[in-house]
Amino acid sequence: MKEATFVKLSTLAFGLVLVGFLVRGLSGFVVTSETAALLSAPAMVSGGGLIVFLTVRSVLAVSGLRPLGE
């Protein structure tokens, strides 16, 4: 994985988590809190999964097992 790709995926993960919080907060004005949580779940789970993947990938890069490409 190239460093630029890693940065882009990190930005995407941050954006997905932010969108999840915004959807949950803003839809809470219109629907119940349970429905708002259901609406925000896909973005939050996707962002969280991407963060876990990037964390594992960075640990592998720091340990030298799978260094990041340039």
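Engineer: Can you lay out the overall build of the protein for me, pointing to particular residues and giving the numbers?
Structural biologist: Regarding its fold elements, the protein presents 2 helices and 0 strands. Computed over C-alpha atoms, the radius of gyration of the protein comes to 16 Å, more than 25% over the 11 Å expected from 2.2 N^0.38 for 70 residues, which places it beyond the range of a compact globule. Structurally, the protein occupies a C-alpha span of about 50 × 15 × 10 Å along its principal axes. When burial is assessed residue by residue, the protein has 16% of its 70 residues classed as buried. Across the protein, every contact between residues at least 6 apart in sequence was considered, and the portion connecting residues at least 24 apart equals 61%. Approximately 5000 Å² of the protein is accessible, and the part contributed by carbon and sulfur atoms is 75%.

Engineer: Any details on the side chain of Arg 57? Residues and values, ideally.
Structural biologist: Secondary-structure assignment places Arg 57 in helix α2 (residues 33-63). Although Arg 57 is buried, it forms no salt bridge, and the closest oppositely charged side chain is Glu 3 at an N-O distance of 9.8 Å. Setting aside its immediate chain neighbours within four residues, Arg 57 contacts Met 1, Phe 6, Arg 66, Pro 67 and Leu 68.

Engineer: Help me get a handle on the packing of helix α1 (residues 3-27) against α2, residues and values and all.
Structural biologist: A pair of packed helices can be characterised by two numbers: the angle between their axes and the separation between those axes. At a minimum axis separation of 8 Å, α1 and α2 run at an interaxial angle of 160°. One way to sum up the angle between α1 and α2 is to call them roughly antiparallel. Two packed elements cross with a definite hand, and for α1 against α2 that hand is left-handed. A per-class count over the contact of α1 with α2 returns 18 nonpolar, 8 polar and 2 charged.

Engineer: Could you give an account of α1, naming the residues involved and the relevant values?
Structural biologist: If you check α1, its first and last C-alpha atoms are 36 Å apart, about what 25 residues at 1.5 Å a residue would give, namely 36 Å. Among the residues of α1, Phe 6, Ala 13, Gly 20 and Ser 27 are the ones counted as buried. Buried residues along α1 sit in contact with α2.

Thresholds applied
Residues numbered from 1 in each chain as written. Predicted model: local features only at pLDDT ≥ 70, side-chain atom pairs only at ≥ 80, totals over all residues. Heavy atoms only, no water. Helix = DSSP H or I, 4+ residues; strand = E, 2+ residues; numbered from the N terminus. Rg over C-alpha atoms; globule rule 2.2 N^0.38 Å. Buried < 20%, exposed > 50% of the residue type's maximum accessible area, 1.4 Å probe, protein only. Contact = heavy atoms within 4.5 Å. Areas by Shrake-Rupley, 256 points an atom, 1.4 Å probe, with all protein chains shown as cover. Lys, Arg positive; Asp, Glu negative; His and termini not counted. Salt bridge = Lys/Arg side-chain N within 4 Å of Asp/Glu carboxyl O. Axes fitted to C-alpha atoms, helices over the stretch in contact; angles between N-to-C directions. Parallel < 35°, antiparallel > 145°, perpendicular 65-115°, else oblique. Left-handed = near helix turned anticlockwise from the far one by under 90°. Nonpolar A, V, L, I, M, F, W, Y, C, P; charged D, E, K, R; others polar. Expected span 1.5 Å × (residues − 1).

Read these as layout, nothing more, since geometry by itself doesn't imply function.
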